[in-house]
Amino acid sequence: MPTVSSGKVLVTGANGYIAVWVVKTLLDQGFSVRGTVRSEDKATHLRELFKSHGDKFEVVIVEDITTDGAFDQAVQGVDAIEHTASPFHFKANDPDELIVPAVHGTTGILQSALKYGTSVKRVVVTSSCAAVLSLSNEPRVFSEEDWNEGSVKEVREQGAAASQPAKYRASKTLAERAAWAFYEEHKGKLPWDLVVLNPPFVFGPAIHGVGAPESLNESAREWYLKVVKGEIDNEGLANIGSSYVDVRDLALAHVLALKKPEAGGERIIVSAGPYKWQDFVNAAHKLNPKIPAGNTSYDPAKATHLFQYAPDKQRRILGVPFRSLEETTKDTLEDFKARGWL
(Lines give C-alpha, C1' and ligand atoms only; values in the text may rest on other atoms or scores of the structure.)
Protein backbone atom coordinates (compact mmCIF):
# COMPACT_ATOMS: atom_id res chain seq x y z
CA MET A 1 0.00 0.00 0.00
CA PRO A 2 1.31 3.50 -0.80
CA THR A 3 2.46 5.74 2.04
CA VAL A 4 3.30 9.41 2.20
CA SER A 5 6.18 10.42 4.46
CA SER A 6 7.08 13.68 2.69
CA GLY A 7 5.85 16.02 -0.02
CA LYS A 8 2.78 18.26 -0.28
CA VAL A 9 -0.54 17.55 1.44
CA LEU A 10 -3.88 19.18 0.66
CA VAL A 11 -5.93 19.95 3.80
CA THR A 12 -9.53 20.98 3.17
CA GLY A 13 -11.34 23.36 5.50
CA ALA A 14 -7.90 24.35 6.81
CA ASN A 15 -9.24 27.06 9.13
CA GLY A 16 -11.30 24.55 11.16
CA TYR A 17 -10.61 23.56 14.77
CA ILE A 18 -9.23 20.12 13.86
CA ALA A 19 -7.80 21.02 10.47
CA VAL A 20 -5.52 23.82 11.66
CA TRP A 21 -3.86 21.40 14.09
CA VAL A 22 -3.50 18.91 11.21
CA VAL A 23 -1.80 21.64 9.16
CA LYS A 24 0.53 22.50 12.06
CA THR A 25 1.47 18.87 12.69
CA LEU A 26 2.17 18.25 9.02
CA LEU A 27 4.35 21.37 8.76
CA ASP A 28 6.20 20.49 11.97
CA GLN A 29 6.98 17.08 10.49
CA GLY A 30 8.45 18.56 7.33
CA PHE A 31 5.53 18.33 4.90
CA SER A 32 4.42 21.16 2.65
CA VAL A 33 0.73 22.03 2.98
CA ARG A 34 -1.88 23.51 0.68
CA GLY A 35 -4.95 24.48 2.69
CA THR A 36 -8.39 25.32 1.35
CA VAL A 37 -10.72 27.88 2.92
CA ARG A 38 -14.02 29.37 1.78
CA SER A 39 -12.98 33.03 1.65
CA GLU A 40 -9.97 35.32 1.67
CA ASP A 41 -10.72 36.66 5.16
CA LYS A 42 -10.46 33.10 6.54
CA ALA A 43 -7.01 32.77 4.94
CA THR A 44 -5.49 35.79 6.70
CA HIS A 45 -5.17 34.17 10.14
CA LEU A 46 -3.63 31.01 8.66
CA ARG A 47 -1.01 32.93 6.69
CA GLU A 48 -0.02 34.80 9.84
CA LEU A 49 -0.03 31.65 12.00
CA PHE A 50 2.21 29.69 9.63
CA LYS A 51 4.35 32.50 8.15
CA SER A 52 7.51 31.01 9.68
CA HIS A 53 7.12 28.06 7.30
CA GLY A 54 7.51 30.33 4.28
CA ASP A 55 6.52 28.81 0.96
CA LYS A 56 5.89 25.40 2.53
CA PHE A 57 2.37 26.66 3.36
CA GLU A 58 -0.13 28.02 0.85
CA VAL A 59 -3.84 28.77 0.96
CA VAL A 60 -6.34 28.47 -1.89
CA ILE A 61 -9.97 29.58 -1.93
CA VAL A 62 -12.72 27.01 -2.54
CA GLU A 63 -15.90 29.02 -2.01
CA ASP A 64 -18.43 26.20 -2.22
CA ILE A 65 -17.35 22.60 -1.69
CA THR A 66 -20.68 21.32 -3.04
CA THR A 67 -20.17 22.61 -6.59
CA ASP A 68 -18.98 20.19 -9.26
CA GLY A 69 -15.23 20.37 -9.72
CA ALA A 70 -14.73 22.55 -6.63
CA PHE A 71 -11.43 20.82 -5.82
CA ASP A 72 -10.23 20.12 -9.38
CA GLN A 73 -7.37 22.62 -9.20
CA ALA A 74 -6.59 22.15 -5.51
CA VAL A 75 -5.78 18.43 -5.87
CA GLN A 76 -3.23 18.95 -8.62
CA GLY A 77 0.40 18.48 -7.63
CA VAL A 78 -0.20 17.12 -4.12
CA ASP A 79 0.95 13.78 -2.75
CA ALA A 80 -1.92 13.25 -0.30
CA ILE A 81 -5.25 14.72 0.80
CA GLU A 82 -6.63 15.26 4.30
CA HIS A 83 -10.34 16.00 3.86
CA THR A 84 -11.63 17.57 7.07
CA ALA A 85 -14.16 20.06 5.68
CA SER A 86 -17.69 19.23 6.85
CA PRO A 87 -20.25 21.29 8.79
CA PHE A 88 -20.72 20.57 12.51
CA HIS A 89 -23.47 22.49 14.26
CA PHE A 90 -26.86 21.88 15.87
CA LYS A 91 -28.75 24.71 14.18
CA ALA A 92 -29.97 23.07 10.96
CA ASN A 93 -33.67 23.19 10.13
CA ASP A 94 -33.56 21.17 6.91
CA PRO A 95 -31.25 18.13 7.39
CA ASP A 96 -29.83 18.82 3.93
CA GLU A 97 -28.10 21.91 5.36
CA LEU A 98 -25.68 19.40 6.89
CA ILE A 99 -26.07 16.36 4.64
CA VAL A 100 -25.54 18.00 1.23
CA PRO A 101 -22.18 19.69 2.01
CA ALA A 102 -20.99 16.66 3.98
CA VAL A 103 -21.77 14.16 1.21
CA HIS A 104 -21.06 16.31 -1.84
CA GLY A 105 -17.89 17.75 -0.33
CA THR A 106 -16.59 14.23 0.29
CA THR A 107 -17.56 12.69 -3.04
CA GLY A 108 -16.51 15.89 -4.81
CA ILE A 109 -12.94 15.79 -3.57
CA LEU A 110 -12.69 12.06 -4.34
CA GLN A 111 -13.98 12.77 -7.87
CA SER A 112 -11.40 15.55 -8.28
CA ALA A 113 -8.67 13.23 -6.98
CA LEU A 114 -9.76 10.56 -9.46
CA LYS A 115 -9.66 12.98 -12.41
CA TYR A 116 -6.78 15.31 -11.59
CA GLY A 117 -4.91 13.94 -8.57
CA THR A 118 -2.33 12.11 -10.64
CA SER A 119 0.33 12.39 -7.91
CA VAL A 120 -2.00 11.58 -4.98
CA LYS A 121 -1.08 8.39 -3.14
CA ARG A 122 -3.45 8.48 -0.15
CA VAL A 123 -6.67 10.23 0.89
CA VAL A 124 -7.61 10.55 4.57
CA VAL A 125 -11.21 11.50 5.34
CA THR A 126 -12.24 12.80 8.76
CA SER A 127 -15.48 11.06 9.68
CA SER A 128 -16.77 10.73 13.26
CA CYS A 129 -17.94 8.28 15.88
CA ALA A 130 -21.29 9.89 15.07
CA ALA A 131 -21.21 7.51 12.09
CA VAL A 132 -20.46 4.55 14.38
CA LEU A 133 -22.62 4.75 17.49
CA SER A 134 -26.22 3.69 18.07
CA LEU A 135 -28.24 5.22 20.88
CA SER A 136 -28.78 2.79 23.74
CA ASN A 137 -29.72 2.81 27.40
CA GLU A 138 -27.28 -0.03 27.99
CA PRO A 139 -23.48 0.29 27.98
CA ARG A 140 -21.91 -0.69 24.66
CA VAL A 141 -18.43 -0.91 23.22
CA PHE A 142 -18.51 0.02 19.54
CA SER A 143 -15.98 -0.96 16.89
CA GLU A 144 -15.22 -0.12 13.27
CA GLU A 145 -17.76 -2.76 12.26
CA ASP A 146 -20.63 -0.63 13.61
CA TRP A 147 -22.62 1.96 11.66
CA ASN A 148 -25.17 4.51 12.84
CA GLU A 149 -28.20 3.51 10.83
CA GLY A 150 -30.62 4.82 13.48
CA SER A 151 -29.93 8.50 12.85
CA VAL A 152 -30.23 8.06 9.09
CA LYS A 153 -33.58 6.35 9.61
CA GLU A 154 -34.78 9.13 11.95
CA VAL A 155 -33.89 11.84 9.45
CA ARG A 156 -35.47 10.01 6.54
CA GLU A 157 -38.70 9.50 8.48
CA GLN A 158 -38.92 12.84 10.29
CA GLY A 159 -37.06 15.32 8.08
CA ALA A 160 -36.86 18.76 9.68
CA ALA A 161 -38.56 17.39 12.82
CA ALA A 162 -35.63 15.04 13.51
CA SER A 163 -33.40 15.95 16.45
CA GLN A 164 -30.37 18.16 15.82
CA PRO A 165 -27.89 15.46 16.89
CA ALA A 166 -29.59 13.01 14.51
CA LYS A 167 -29.22 15.45 11.60
CA TYR A 168 -25.50 15.82 12.27
CA ARG A 169 -24.94 12.10 12.86
CA ALA A 170 -26.82 11.25 9.66
CA SER A 171 -24.65 13.69 7.70
CA LYS A 172 -21.47 12.01 8.92
CA THR A 173 -22.83 8.50 8.32
CA LEU A 174 -24.03 9.26 4.78
CA ALA A 175 -20.81 11.09 3.88
CA GLU A 176 -18.65 8.22 5.07
CA ARG A 177 -20.85 5.63 3.34
CA ALA A 178 -20.51 7.67 0.13
CA ALA A 179 -16.71 7.77 0.48
CA TRP A 180 -16.40 4.00 0.83
CA ALA A 181 -18.88 3.42 -2.02
CA PHE A 182 -16.85 5.69 -4.31
CA TYR A 183 -13.61 3.98 -3.29
CA GLU A 184 -14.97 0.48 -3.89
CA GLU A 185 -16.45 1.48 -7.27
CA HIS A 186 -13.21 2.99 -8.59
CA LYS A 187 -10.60 1.04 -6.63
CA GLY A 188 -9.21 -0.72 -9.69
CA LYS A 189 -8.16 2.52 -11.40
CA LEU A 190 -7.11 4.62 -8.42
CA PRO A 191 -3.44 5.47 -7.79
CA TRP A 192 -4.39 6.23 -4.17
CA ASP A 193 -6.03 4.41 -1.29
CA LEU A 194 -8.48 5.65 1.33
CA VAL A 195 -8.26 5.93 5.13
CA VAL A 196 -11.18 7.10 7.28
CA LEU A 197 -10.67 8.34 10.85
CA ASN A 198 -13.57 8.31 13.31
CA PRO A 199 -13.04 10.50 16.39
CA PRO A 200 -15.60 10.98 19.19
CA PHE A 201 -15.92 14.42 20.87
CA VAL A 202 -12.80 16.51 20.24
CA PHE A 203 -11.47 18.77 23.00
CA GLY A 204 -8.29 20.74 23.66
CA PRO A 205 -6.74 24.16 22.93
CA ALA A 206 -7.61 26.09 19.79
CA ILE A 207 -5.22 27.74 17.34
CA HIS A 208 -7.73 28.63 14.60
CA GLY A 209 -9.13 32.14 14.34
CA VAL A 210 -11.64 32.50 17.19
CA GLY A 211 -12.39 35.74 18.99
CA ALA A 212 -14.84 34.70 21.70
CA PRO A 213 -15.99 31.52 23.47
CA GLU A 214 -19.29 31.76 21.58
CA SER A 215 -17.33 31.38 18.34
CA LEU A 216 -15.68 28.11 19.33
CA ASN A 217 -16.67 25.00 17.42
CA GLU A 218 -19.49 22.90 18.86
CA SER A 219 -17.47 20.50 21.04
CA ALA A 220 -14.99 23.06 22.41
CA ARG A 221 -17.81 25.51 23.17
CA GLU A 222 -19.71 22.82 25.05
CA TRP A 223 -16.56 22.10 27.10
CA TYR A 224 -16.23 25.80 27.94
CA LEU A 225 -19.88 26.16 28.97
CA LYS A 226 -20.03 22.99 31.05
CA VAL A 227 -16.58 22.95 32.64
CA VAL A 228 -15.70 26.63 32.98
CA LYS A 229 -19.15 28.22 33.23
CA GLY A 230 -20.84 25.36 35.10
CA GLU A 231 -23.90 25.35 32.84
CA ILE A 232 -24.93 21.81 33.82
CA ASP A 233 -26.51 20.49 37.02
CA ASN A 234 -24.98 17.96 39.42
CA GLU A 235 -26.97 15.07 38.00
CA GLY A 236 -25.79 15.88 34.49
CA LEU A 237 -22.18 16.24 35.61
CA ALA A 238 -22.18 12.73 37.08
CA ASN A 239 -24.24 10.99 34.39
CA ILE A 240 -23.73 12.76 31.06
CA GLY A 241 -20.64 12.06 28.99
CA SER A 242 -19.30 10.19 26.00
CA SER A 243 -15.78 9.50 24.71
CA TYR A 244 -13.23 12.07 23.63
CA VAL A 245 -9.87 12.70 22.00
CA ASP A 246 -7.47 15.64 22.33
CA VAL A 247 -7.43 17.68 19.11
CA ARG A 248 -3.60 17.49 18.97
CA ASP A 249 -3.66 13.70 19.21
CA LEU A 250 -6.27 13.54 16.47
CA ALA A 251 -4.05 15.75 14.31
CA LEU A 252 -1.15 13.34 14.88
CA ALA A 253 -3.45 10.46 13.89
CA HIS A 254 -4.09 12.23 10.58
CA VAL A 255 -0.35 12.38 9.89
CA LEU A 256 0.27 8.79 10.97
CA ALA A 257 -2.60 7.73 8.69
CA LEU A 258 -0.49 8.98 5.78
CA LYS A 259 2.71 7.34 6.94
CA LYS A 260 1.54 3.88 8.00
CA PRO A 261 1.23 1.42 5.08
CA GLU A 262 -1.27 -0.78 6.92
CA ALA A 263 -3.70 2.15 7.35
CA GLY A 264 -4.66 1.94 3.67
CA GLY A 265 -8.27 0.88 3.11
CA GLU A 266 -9.06 1.05 6.83
CA ARG A 267 -11.70 2.71 8.99
CA ILE A 268 -10.05 3.64 12.31
CA ILE A 269 -11.66 4.91 15.51
CA VAL A 270 -9.42 7.43 17.30
CA SER A 271 -10.62 7.70 20.91
CA ALA A 272 -8.67 8.38 24.12
CA GLY A 273 -11.45 6.94 26.27
CA PRO A 274 -14.74 7.72 28.01
CA TYR A 275 -15.60 10.62 30.32
CA LYS A 276 -18.35 12.12 32.42
CA TRP A 277 -18.40 15.91 32.56
CA GLN A 278 -17.49 15.77 36.24
CA ASP A 279 -14.17 14.13 35.28
CA PHE A 280 -13.16 17.31 33.43
CA VAL A 281 -14.61 19.51 36.18
CA ASN A 282 -12.54 17.65 38.79
CA ALA A 283 -9.37 18.19 36.76
CA ALA A 284 -10.20 21.84 36.07
CA HIS A 285 -11.11 22.69 39.69
CA LYS A 286 -7.87 21.15 40.94
CA LEU A 287 -5.93 23.39 38.55
CA ASN A 288 -8.05 26.50 39.11
CA PRO A 289 -10.12 26.66 42.34
CA LYS A 290 -12.17 29.53 40.85
CA ILE A 291 -13.84 26.96 38.59
CA PRO A 292 -16.91 25.50 40.35
CA ALA A 293 -16.24 22.11 42.00
CA GLY A 294 -19.43 20.66 40.56
CA ASN A 295 -20.75 17.37 41.93
CA THR A 296 -18.46 16.62 44.89
CA SER A 297 -20.20 13.29 45.59
CA TYR A 298 -19.27 11.91 42.13
CA ASP A 299 -17.33 8.64 42.21
CA PRO A 300 -15.64 7.90 38.85
CA ALA A 301 -15.27 4.24 39.82
CA LYS A 302 -19.07 3.91 39.84
CA ALA A 303 -19.68 5.74 36.55
CA THR A 304 -21.52 3.86 33.81
CA HIS A 305 -20.27 4.73 30.32
CA LEU A 306 -22.87 4.08 27.60
CA PHE A 307 -20.53 4.89 24.70
CA GLN A 308 -17.09 3.33 24.55
CA TYR A 309 -14.98 2.43 21.53
CA ALA A 310 -12.69 -0.54 20.98
CA PRO A 311 -9.10 0.79 20.78
CA ASP A 312 -7.58 -2.28 19.14
CA LYS A 313 -7.25 -1.13 15.54
CA GLN A 314 -5.92 2.32 16.41
CA ARG A 315 -3.31 0.80 18.73
CA ARG A 316 -2.26 -1.77 16.15
CA ILE A 317 -2.05 0.55 13.14
CA LEU A 318 -1.46 4.12 14.34
CA GLY A 319 -0.31 3.80 17.96
CA VAL A 320 -1.14 7.37 19.00
CA PRO A 321 0.20 8.10 22.52
CA PHE A 322 -2.91 9.83 23.87
CA ARG A 323 -2.68 12.74 26.29
CA SER A 324 -4.36 12.30 29.64
CA LEU A 325 -7.66 13.97 30.45
CA GLU A 326 -5.75 16.10 32.97
CA GLU A 327 -3.25 17.31 30.37
CA THR A 328 -6.01 18.19 27.91
CA THR A 329 -7.77 20.11 30.69
CA LYS A 330 -4.61 21.97 31.77
CA ASP A 331 -3.70 23.05 28.26
CA THR A 332 -7.26 24.08 27.43
CA LEU A 333 -7.51 26.24 30.56
CA GLU A 334 -4.15 27.84 29.76
CA ASP A 335 -5.44 28.64 26.26
CA PHE A 336 -8.63 30.17 27.66
CA LYS A 337 -6.66 32.19 30.21
CA ALA A 338 -4.32 33.56 27.52
CA ARG A 339 -7.41 34.67 25.58
CA GLY A 340 -8.86 36.41 28.65
CA TRP A 341 -11.77 33.97 28.95
CA LEU A 342 -10.98 32.91 32.53
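Residues numbered from 1 in each chain as written. Predicted model: local features only at pLDDT ≥ 70, side-chain atom pairs only at ≥ 80, totals over all residues. Heavy atoms only, no water.

### Describing the overall build of the chain
The criterion, for reference: Strands are runs of DSSP state E lasting at least 2 residues, helices are runs of H or I lasting at least 4, and numbering of each runs from the N terminus. This radius of gyration counts C-alpha atoms alone. The globule rule is 2.2 Å times how many residues there are, raised to the power 0.38. Think of it in three bands: residues with accessible area under 20% of the maximum for their type are buried, residues over 50% are exposed, and the middle band is partly exposed, with areas taken using a 1.4 Å probe on protein chains only. Contacts between residues were defined by any pair of non-hydrogen atoms, one from each residue, lying within 4.5 Å. Method for areas: the Shrake-Rupley scheme with a 1.4 Å probe, in which residue coverage is limited to the protein chains shown.
Per the secondary structure count, the chain includes eleven helices and twelve strands. Its C-alpha atoms give the chain a radius of gyration of 20 Å, within 12% of the compact-globule value 20 Å for 342 residues. Considered along the principal axes of its C-alpha atoms, the chain spans approximately 60 × 50 × 40 Å. Scored against the burial criterion, the 342 residues of the chain give a buried share of 54%. Excluding contacts between residues fewer than 6 apart, the proportion of contacts in the chain whose partners are at least 24 apart in sequence is 79%. Just so you have it, the chain exposes about 14700 Å², and 48% of that area is on carbon and sulfur atoms.

### A word on the sheet that holds strand 9 (residues 241–246)
Definition in use: Paired strands are those between which DSSP finds at least two bridges. Only the contacting stretch of a helix is used when fitting its axis, a line to C-alpha atoms as for every element, and angles between N-to-C directions run 0 to 180 degrees.
Strand order in the open sheet made by the three strands is 8-9-11, with mixed pairing throughout. Edge positions in the sheet fall to strand 8 (201–203) and strand 11 (273–276), since each has one partner strand and no second. Direction aside, neighbouring strands of the sheet carry axes that sit 55 degrees apart on average. With three bridges joining them, strand 8 and strand 9 adopt parallel strand pairing. Pairing of valine 202 across the sheet is with valine 245, part of strand 9. Lying over the sheet, helix 8 (residues 247–259) contacts strand 8 and strand 9, oriented at roughly 60 degrees with respect to strand 9. Along the sheet, helix 9 (residues 277–287) contacts strand 8, strand 9 and strand 11; its crossing angle with strand 11, the most-contacted strand, is approximately 80 degrees.

### Focus on the pattern of salt bridges
Going by this rule: Salt bridge, as applied in this entry: a Lys or Arg side-chain nitrogen positioned within 4 Å of an Asp or Glu carboxyl oxygen.
Applying the stated criterion to the full structure yields 22 salt bridges. Of the charged contacts, one joins arginine 221 and glutamate 218 as a salt bridge, the two residues approaching to 3.2 Å between their closest N and O atoms. Separated by three residues within a single helix, arginine 221 and glutamate 218 lie in helix 6 (residues 218–228), roughly one turn from each other. According to the relative accessible area criterion, glutamate 218 is buried, its value standing at 15%. Residue arginine 323 pairs with glutamate 327 through a salt bridge whose shortest N-O separation is 3.6 Å. Judged by relative accessible area, arginine 323 falls into the partly exposed class, the value being 24%. Salt bridges sharing partners connect three or more residues here, namely Asp246, Arg248, Lys330, Asp331 and Glu334.

### Focus on the packing of aromatic side chains
Note the threshold: Aromatic rings from Phe, Tyr and Trp, with only the six-membered ring used for Trp, were paired whenever their centres fell within 6.5 Å, and each pair was classed as stacked if the ring planes differed by under 30 degrees, edge-to-face if by over 60, and tilted otherwise.
In the structure shown here, the tally under the stated rule is 20 aromatic pairs. Ring geometry for tyrosine 224 versus tryptophan 341: centroids 6.2 Å apart, planes at 75 degrees, classification edge-to-face. Note that tyrosine 224 is positioned in helix 6 and tryptophan 341 in the segment after helix 11 (325–338), a separation of 117 residues in sequence. Here tyrosine 224 and tryptophan 341 have matching classes, each one buried. Ring geometry for tyrosine 275 and tryptophan 277: centres 5.2 Å apart, planes at 70 degrees, overall edge-to-face. For tyrosine 275, a relative accessible area of 2% translates into the label buried.

### Some points on the environment of leucine 27
Assignment of secondary structure puts leucine 27 in helix 1 (residues 17–28). When its relative accessible area of 5% is taken as the criterion, leucine 27 is described as buried. Residues leucine 27 and valine 9, 18 residues apart in the sequence, show an inter-C-alpha distance of 9.6 Å. Contacts of leucine 27, omitting those with residues within four sequence positions, involve Val33, Phe50, His53, Lys56 and Phe57.

### Things to note about the packing of helix 6 against helix 9
A pair of packed helices can be characterised by two numbers: the angle between their axes and the separation between those axes. Our working rule: In these notes the angle categories are as follows: under 35 degrees is roughly parallel, over 145 is roughly antiparallel, 65 to 115 is roughly perpendicular, and the rest is oblique. It is the rotation of the near helix from the far one that decides the hand of a crossing: anticlockwise by less than a right angle makes it left-handed, clockwise makes it right-handed. Here the nonpolar group is Ala, Val, Leu, Ile, Met, Phe, Trp, Tyr, Cys and Pro; Asp, Glu, Lys and Arg are the charged ones; every other residue, Gly included, is treated as polar.
Taken N-terminus to C-terminus, the directions of helix 6 and helix 9 make an angle of 65 degrees; their axes are 9 Å apart at the nearest point. Here helix 6 lies roughly perpendicular to helix 9, going by the angle between them. Considering how the two elements wind past one another, helix 6 and helix 9 form a crossing that is right-handed. Taken together, the residues of helix 9 that come into contact with helix 6 (itself represented by Glu222, Trp223, Lys226 and Val227) are Trp277, Phe280, Val281 and Ala284. Among the residues making up the contact of helix 6 with helix 9, the classes are represented as six nonpolar, no polar and two charged.

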